[in-house]
Amino acid sequence: MRLRRAAFATILAASGTPAHAHTVIEGVSGFPGGLLHPLLVPAHALLLLTLGLLAGQQASARRRIILPLFSAALITAIALIAAAVALDTRNALLWLCAVNGVLVALAWPLPPLLPAALIVAGAVALMLDSVPALLSVRDTLMALSGTAFGALAVFTLVVALSARANQPWQMTGRRILGSWAAAGAILVLALRLAK
């Protein structure tokens, strides 16, 4: 069984094509361009929103682990990129948005490992999808560092706001926002897969 899983993982990793992000704002590259990247790419912003909403729904003891876990996943993804790991994660971002949005909308108690796994997968997928089309290793690492800082800032803000939404109307609003995010991700996925 382990051999099958390893073979499947190897085939999946080898079948990926390199993902290169475009410059979001012409003339803004490096750290500032990377910093703005998670805010200006709709799939990235939607993913950070759903991840933050999901993390905000968790108990405070779990939330204390989530931010360091998210940060570690971002750093790990940069290391993977530096090791020349490249996967096409465009659809993965939207699948994660859909799953996270549905879980936020349902507001069911989740086993501790599920939100943690989704948050790690989301951070890694976001970073792998943020590789700039630059020739310089230094510029690429600067842009990825900016993306990591921007993603961490947005994620932290959404988690903090989501965690404070304790009134019944606020919790309902969080669930509605999660369902809208899931619906948007599913619509974009349907359009992509229909091509």
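Sequence order as written defines the numbering, with residues in each chain counted from 1. Local features in this predicted model are restricted to residues of pLDDT 70 or higher, and side-chain atom pairs are both shown and tallied only at a pLDDT of 80 or more, whereas totals for entire chains, interfaces and linings draw on every residue. Derived side-chain values reflect all non-hydrogen atoms in the structure, with water molecules and hydrogen atoms excluded from consideration.

## A closer look at the packing of aromatic side chains
Geometry of aromatic contacts follows a simple scheme: Phe, Tyr and Trp rings, the Trp one being its six-membered ring, pair when their centres are within 6.5 Å, and the pair is stacked under 30 degrees between planes, edge-to-face over 60, tilted otherwise. Tallied over the full model, the rule gives two aromatic pairs. Ring centres 4.1 Å apart and planes at 20° place the aromatic pair Phe70 and Phe155 in the stacked group. Of this pair, Phe70 sits in helix H4 (residues 60-82) while Phe155 sits in helix H7 (residues 137-163), and the two are 85 residues apart along the sequence. Accessibility classification places Phe70 together with Phe155 in one group, the buried group. Runs of E in the DSSP output that reach at least two residues are strands. Runs of H or I that reach at least four are helices, and both are numbered from the N terminus. Between buried and exposed lies partly exposed: a residue is buried under 20% and exposed over 50% of the maximum accessible area for its type, with that area taken using a 1.4 Å probe on protein chains only.

## Some remarks on the side chain of Asn100
Summarising the element assignment, Asn100 is placed in helix H5 (residues 90-106). Under the relative-accessibility criterion, Asn100 is labelled buried at 0%. In what follows, residue pairs with any heavy atoms lying within 4.5 Å of each other are defined as contacts. Once you skip the residues sitting within four places of it in the chain, Asn100 turns out to touch Leu47, Thr50, Leu51, Leu54 and Leu118.

## Some words on the nonpolar core
Side chains that are nonpolar tend, in soluble globular proteins, to be buried together. Membership of the largest hydrophobic core comes to 40 residues, with the highest contact counts inside it found for Leu47, Leu48, Phe70, Ile119, Leu126, Met127 and Phe155. Residue assignment for this core shows that the elements contributing at least two residues are helix H3 (42-57), H4, H5, helix H6 (113-128), H7 and helix H8 (168-194). When residues in this core are grouped by element, the largest group, eight residues, is from H6. In this structure, Ile119 is in contact with Leu51, Ala55, Ile66, Phe70 and Phe155, ignoring residues within four places of it in sequence. Nonpolar cores are built from buried Ala, Val, Leu, Ile, Met, Phe, Trp, Tyr and Cys residues. Side-chain atoms within 4.5 Å join them into one set.

## A closer look at unusual backbone geometry
Backbone geometry places Ala107, a non-glycine residue, at a positive phi of 55°. Counting through the fold element by element, Ala107 comes out in the loop between H5 and H6. Classification of Ala107 by relative accessible area gives partly exposed; the value is 36%.

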